[in-house]
Each structure stands twice: as C-alpha cells, then as structure tokens.
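As a plain string of letters, each chain reads:
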Amino acid sequence: AGVGRTGTFIALQNILQQAEQKGQVDIFSSVVKLRQDRLLMVQTAGQYEFLHTAVLAAIACSKATLHISNIKYLPDNQTLKNEYLTVCSVISTLSRTKEEEDNLEEENVNESENVYENFKTDLRNRFPTIVPSDNDRPMLSCEPKDNGDYINAVFIQNFDKKSRHIVTQLPMPTTVVEFWRLVSQYNVSVLVAFETDSMVKDKTVSKFAPSSAESALKCGPFNVHNLSYTDDNLWDEQSLQVQSDLS
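These numbers were taken from a predicted model, which means no experiment stands behind them.

*Asks:* What is the right way to look at the overall build of the protein chain in this model?
*Replies:* When its secondary structure is counted, the protein chain shows six helices and five strands. In sequence order, the protein chain lays out its α and β elements as α-α-α-α-α-β-β-α-β-β-β. Taking the contacts inside the protein chain whose residues are at least 6 apart along the sequence as the reference set, 54% of them involve residues at least 24 apart.

What follows is the structure in structure tokens.
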C-alpha cells in the first residue's frame, strides 16, 4: 500500500541524513521511530529488505563518509525477515506500554477516545480504521466557511528533528481543498505522491494537480498552475505554483 512505500521513502531519506551528519546508520531504530509516528510505515519484510539494499547503494554513490565499523553489511534475507518481525514486535510492545500509561489518566483517555470515534466516522477518511491521533496531526487554521481543522494526516519526525514530514492520504473529492490548505498553511515545498495512477480506477481519489497537458487546475479557492512537467521512466516530476483566491 501507499503508506508502506511512503515510509520506505522517508526512512531512506532519514537514514542518509544520519549517515551524512553522524557517520553511521541505524536502519532498525529508524524504522521503529517511523512506525511509532504512523502505523505500517515500511509495511512489509520485502520493503525492509529493499531499504537495506537502497541504503548501501545510496551511500556508495553519495558524499557521506562512514567508518567501516559503522556499516552494517547486508544480512541474508531470512535474517532481515526476522529483524523485521522484531520491529513489529517492538512497536506492539510500545503500544501496549503507552496504553497502560494512558489508563492512569482516565479522563484524558476518555476525551481522546471521543475525538478518535468522531474522526473514525468522518467522511474525510478513506479508511475508518486509519485515523490520526489528535496529538500528532497537523491542524488547519480555518474560516467559518471552511470544513473545520481536520485532515487525515500525521507529522513524521525528520532525522535531525529540525523539520518534519507530513504524511497524508491521496486527496478524495471531499478533501482536495483541505489538501491544498495543508500544503499552503504548512509551507510545503516538496510533494511526493505514490500510486497516483490509482486515480484512473479508484473514484475515491480526486485529481489534485494539473496534468502535463493542462496549464492549471482549480481546486476550490486554490489555483494550481503547471510550470513544468518531466516524464521519466521511473517517476514524473512536476513544478507547481499554488495561488489562493483568499490571499
């Protein structure tokens, strides 16, 4: 699914930052931290194996210098599969520990559960079982005519903790305006979208950017202009300019 690929992409970026700044890498801990922020980041053992291969290849091609003792050679596939199961086990244990701590503050738990239940039935969620925690989600500033401060998105900590990633679902017809509100209000400069081809077959995914043949696309009060479009064999790269009728 998209969240697994997104997690793998973010993990690779964070680990390469770690290699450049610290001269060492810790793939296991990096993935554990990601999954604490958002469930299913690096979703499969195959993605975990790929991450190890990609990290080694990227470091070999980068300017980062690592001492030989700080490079973990690629283990065999079975070892990595077992290590991935440990990642899942650690997250499960951390979740139980957090739940036990939260139970000590019953009033806060009840309030949090009420918020969660409200969000779970919100039509702005593609899946009712994937709902952000109220403490970890970006909140949209809004005018009375806006559709509240909610968007199904979570903050993911960057390696150096000086900035954060935002992970969100592909926009739905009911959330495309909130998507661009998020981009605008949090000054997002780079968008990475996975499975955008699903828009063709999945009617729950809304068009949110102009195609290569279009000069612009209007999404509510937002005008999204296509400045350039490059079609690569592996990915498409597009430069956009977003203007709001509200500004």
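There's more to say after this.
*Asks:* When you look at the packing of helix H1 (residues 2–22) against helix H3 (residues 45–61) in this model, what are you seeing that I'm missing?
*Replies:* Helix packing for two helices is described by the angle between their axes and how far apart those axes are. The interhelical angle for the contact between H1 and H3, taken along N-to-C directions, is 35°, at an axis separation of 10 Å. Crossing of H1 against H3: the hand is right-handed. Of H3, the residues touching H1 (which contributes Gly4, Arg5, Thr8, Ala11, Leu12, Ile15, Leu16 and Ala19) are Gln47, Phe50, Leu51, Ala54, Val55, Ala58 and Ile59. Of the residues contributing to the contact of H1 with H3, the split by class is eleven nonpolar, three polar and one charged.

*Asks:* Got a minute to help me understand the packing of aromatic side chains in this structure?
*Replies:* The geometry of an aromatic ring pair is captured by the separation of the ring centres together with the interplanar angle, meaning the angle of the planes. Tallying each qualifying case throughout the model produces four aromatic pairs. Ring geometry for Phe155 against Tyr186: centres 5.8 Å apart, planes inclined by 65°, an arrangement best described as edge-to-face. Remark: Tyr186 occurs in the loop between helix H6 (176–185) and strand S3 (216–219) and Phe155 occurs in strand S1 (residues 153–157); sequence separation between them is 31 residues. In this structure Tyr186 comes out as partly exposed when scored by relative accessible area, which is 29%.

*Asks:* Looking at this model, I keep getting lost on the side chain of Glu178. Mind explaining?
*Replies:* Among the structural elements, Glu178 can be located in helix H6. Classification of Glu178 by relative accessible area gives buried; the value is 6%. Once residues within four sequence positions are removed from consideration, Glu178 is found in contact with Leu140, Asn147, Tyr150 and Ile151.

What counts and what doesn't
- Residues numbered from 1 in each chain as written.
- Predicted model: local features only at pLDDT ≥ 70, side-chain atom pairs only at ≥ 80, totals over all residues.
- Heavy atoms only, no water.
- Helix = DSSP H or I, 4+ residues; strand = E, 2+ residues; numbered from the N terminus.
- Contact = heavy atoms within 4.5 Å.
- Axes fitted to C-alpha atoms, helices over the stretch in contact; angles between N-to-C directions.
- Left-handed = near helix turned anticlockwise from the far one by under 90°.
- Nonpolar A, V, L, I, M, F, W, Y, C, P; charged D, E, K, R; others polar.
- Phe/Tyr/Trp six-rings, centres within 6.5 Å; stacked < 30°, edge-to-face > 60°.
- Buried < 20%, exposed > 50% of the residue type's maximum accessible area, 1.4 Å probe, protein only.

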